[in-house]
Amino acid sequence: MNKLIFRTSVLASATLAAFTLSSCRDSDNAMMTDMAFQRTITFENVVTPKDFVQSGSFQGTETPVIMPGQSVSIKFSAGKTQALMFATMYGASKDWFFASQQPGIKLFDSNGNAITGDVSSSVRLWDNGSKDDTTGQVESKPIIQVPNVDASQLMKLNLSYNDVSSEFTLTITNKSDETAHTTPFSPGVWAVSNYNGSQLLNSAPFFTPNALSNPEITDIAQMGNISKMMTKLNANTGIMTGLSPALVVVYRGDKNPIYELGKSDSGMGLKDIAQFGNVTKLQNTLKSLSNVKGVYVAGNAPVAPGSKITANFKAEPGDKIAYATMFGFSNDWFYANEQNIDANTKGDLSSKTSLFDSGTGIDQYPGAGNHQALFGGTPQSENVIISKVGTQYPVPAVQNVIKVTIN
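Nothing here was measured: the structure is a model prediction, and the numbers come from that model.

## Considering the overall build of the protein chain
Okay, step 1: On a plain count of helices and strands, the protein chain comes out with 6 helices and 22 strands.
Okay, step 2: Whereas a compact globule of 407 residues would reach a radius of gyration of roughly 22 Å, the protein chain reaches 31 Å, over 25% beyond that.
Okay, step 3: The buried share of the protein chain, reckoned over its 407 residues, is 47%.
Okay, step 4: Counted over contacts in the protein chain with a minimum sequence separation of 6, partners at least 24 positions apart contribute 74%.
Okay, step 5: For the protein chain, the accessible surface area stands at approximately 18,700 Å², while carbon and sulfur atoms represent 50% of it.
Okay, step 6: Looking at charge distribution, the protein chain has the averaged site of its 30 positive side-chain charges lying 11 Å from that of its 33 negative ones.

What follows is the structure in structure tokens.
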């Protein structure tokens, strides 16, 4: 009898304890649900667009002046639709200069293939209209082509191309000694206009034919002085980019589910974001992970400079968030949070954001690589670890490209 009473008491106690624990868990779950919150995350493209993605100068090897019979080379990167503009003085003149037609020397054919070999037919000889050709007296006339002089007979232009790096080499040779118009060439300037996905930001670099000249090209045409033009170019040259729609994930644990620094791409879909700005594969993969509580996408189209995208997400105390968006004018780069972020955080997260190389595609100059999605290309494959983007290219600081905030 006593044994029966004991067993019954134990059973009752266990039942009560189980009920109590269950009630506590239900109460905790209800409390957590009550403490759930909603936040809005915003990604803003704050980059300042510049006219030119690359620019520079050139001069002779022995002296700044390029004498008859001498050559000089320029290295630069470009993608389809981009062109190279250059300018140098026809030294034996009052105000003539060499340059191509606008927007510059054509670098790719209609099929997207690089143009190589002799492109001397691209060069023109221009009269700046700022001095009388005979007396040297100041005048004010529009820039026009010099009549009856074939510039390609005075200057030879030859292009070579490296498809892996999307880098061209232009060799300029002074062959005026082979003609009746022997002349030195002054130091010169060159530039490649930025492309925003639909048009060049500057389709008439340096000068406008049939219009009055400007101080920068006038100094080149009259004196071979490139100082003013270089000051202007330096102020208007820089890497820009669009951003892709951003993927945002709410998760538990200490491991960022989007990427792991120092490890190769896992194949879950990060590559699709880093190379093409496509979030679909990674979005679907993350939804299947047990530690992921929610996956959200901000935006549905490329984010141009000055534009922003937002997403609302739900989370509970103890949750973390992670995010990723493509550096659009690259082969395989992405912005993401480098540090773990509590989902309940508010404010500016830009300082927690870094630019990463996914290690899945060979890099080219940002905004000037023919294998980049910007130009309809596909990156050439590589398989290296995910790392922070270094200093090989003059990429603007993170806070000068992207601003991430939670409210």
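## A closer look at the pairing of strand 11 (residues 167–174)
Okay, step 1: Burial within strand 11 is extensive, with 6 of its 8 residues counted as buried.
Okay, step 2: Relative to strand 11, strand 3 (residues 71–77) runs antiparallel, the two sharing 7 bridges. In the strand pairing of strand 11, lysine 75 is matched with threonine 169.
Okay, step 3: Pairing between strand 10 (residues 155–162) and strand 11: 8 bridges, direction antiparallel. In the strand pairing of strand 11, leucine 157 is matched with isoleucine 172.

## Things to note about the nonpolar core
Okay, step 1: Ile41, Phe43, Phe76, Phe86, Phe98 and Leu170 are the most contacted members of the largest nonpolar core, which totals 69 residues.
Okay, step 2: Here this core takes 4 residues from strand 15 (residues 308–315), the largest share from any one element.
Okay, step 3: In this view, phenylalanine 86 contacts Phe58, Phe98, Ala99, Ser100, Ile105, Val123, Met155, Leu157, Ile172, Val189, Trp190 and Phe206; residues no more than four positions away in its chain are not counted.
Okay, step 4: Judged by nonpolar contacts, the second largest core, of 20 residues, contains Tyr259, Ile273, Leu286 and Ala336.

## Quick look at the layout of surface pockets
Okay, step 1: When its volume is computed, the largest pocket comes out at roughly 320 Å³.
Okay, step 2: For the largest pocket, the lining is made up of 19 residues, of which Gly242, Leu243, Pro302, Gly328 and Phe329 are closest to its centre.
Okay, step 3: Partitioning the lining of the largest pocket into residue classes produces 13 nonpolar, 6 polar and no charged.

## So, the sheet that holds strand 3
Okay, step 1: Taken in spatial order, the 4 strands make up an open sheet running 3-11-10-7, and their pairing is antiparallel. The sheet is open, and its two edges are formed by strand 3 and strand 7 (117–118), each paired on a single side.

## Some remarks on the pattern of salt bridges
As a working rule, side chains carrying opposite charge can pair if their charged atoms are close by.
Okay, step 1: Under the definition given, this model contains 10 salt bridges.
Okay, step 2: For glutamate 260, the salt bridge goes to lysine 263, with nearest N and O atoms at 3.3 Å.
Okay, step 3: Residue class for glutamate 260 comes out partly exposed when judged on its relative accessible area of 33%.
Okay, step 4: Here lysine 293 makes a salt bridge to glutamate 316, at a shortest N to O gap of 3.1 Å. Of this pair, lysine 293 sits in strand 14 (residues 292–298) while glutamate 316 sits in the loop between strand 15 and strand 16 (320–326), and the two are 23 residues apart along the sequence.
Okay, step 5: Residue class for lysine 293 comes out partly exposed when judged on its relative accessible area of 40%.

## Looking at the packing of aromatic side chains
Okay, step 1: Applying the stated criterion across every chain yields a total of 20 aromatic pairs.
Okay, step 2: Among the aromatic residues, ring-to-ring pairing joins Phe76, Phe108, Tyr161, Phe168 and Trp190 into one connected group.

## Some points on the environment of valine 389
Okay, step 1: Secondary-structure assignment places valine 389 in the loop between strand 21 (387–388) and strand 22 (402–406).
Okay, step 2: Beyond its immediate sequence surroundings of up to four residues, valine 389 is in contact with Trp333, Leu355, Phe356 and Asp357.

## Describing unusual backbone geometry
Okay, step 1: With an omega dihedral of 0°, the bond running from glutamine 102 to proline 103 counts as a cis peptide bond.
Okay, step 2: Turning to its location among the elements, proline 103 is positioned in the loop between strand 5 (96–100) and strand 6 (105–106).
Okay, step 3: Residue threonine 81 is not a glycine yet carries a positive backbone phi of 85°.
Okay, step 4: Summarising the element assignment, threonine 81 is placed in the loop between strand 3 and strand 4 (83–89).
Okay, step 5: Phi at asparagine 148 takes a positive value of approximately 65°, unusual for a residue other than glycine.
Okay, step 6: Tracing the sequence through the fold places asparagine 148 in the loop between strand 9 (144–145) and helix 2 (151–154).
Okay, step 7: Owing to a relative accessible area of 79%, asparagine 148 belongs among the exposed residues under this scheme.

## Considering the packing of helix 3 (residues 215–223) against helix 4 (residues 227–235)
Okay, step 1: Packing of helix 3 against helix 4 leaves a shortest axis separation of 7 Å and a crossing angle of 145°. For the pair helix 3 and helix 4, the crossing hand works out as left-handed. Where helix 3 abuts helix 4, its residues Pro215, Glu216, Ile217, Asp219 and Ile220 lie against Lys228, Met229 and Lys232.
Okay, step 2: A per-class count over the contact of helix 3 with helix 4 returns 4 nonpolar, no polar and 4 charged.

Each value, and the rule that gives it
Residues numbered from 1 in each chain as written. Predicted model: local features only at pLDDT ≥ 70, side-chain atom pairs only at ≥ 80, totals over all residues. Heavy atoms only, no water. Helix = DSSP H or I, 4+ residues; strand = E, 2+ residues; numbered from the N terminus. Rg over C-alpha atoms; globule rule 2.2 N^0.38 Å. Buried < 20%, exposed > 50% of the residue type's maximum accessible area, 1.4 Å probe, protein only. Contact = heavy atoms within 4.5 Å. Areas by Shrake-Rupley, 256 points an atom, 1.4 Å probe, with all protein chains shown as cover. Lys, Arg positive; Asp, Glu negative; His and termini not counted. Charge placed at Lys NZ, Arg CZ, Asp CG, Glu CD. Pairing = 2+ DSSP bridges. Core = buried A, V, L, I, M, F, W, Y, C linked by side-chain atoms within 4.5 Å. 1 Å grid on protein atoms, 1.4 Å probe; cavity = no way out; pocket = protein on both sides within 12 Å on 5 of 7 lines; lining within 4 Å. Points joined across faces, edges and corners; volume = space filled by probe spheres on them. Nonpolar A, V, L, I, M, F, W, Y, C, P; charged D, E, K, R; others polar. Salt bridge = Lys/Arg side-chain N within 4 Å of Asp/Glu carboxyl O. Phe/Tyr/Trp six-rings, centres within 6.5 Å; stacked < 30°, edge-to-face > 60°. Axes fitted to C-alpha atoms, helices over the stretch in contact; angles between N-to-C directions. Left-handed = near helix turned anticlockwise from the far one by under 90°.

Geometric descriptors of this kind do not, in isolation, establish any biological role.
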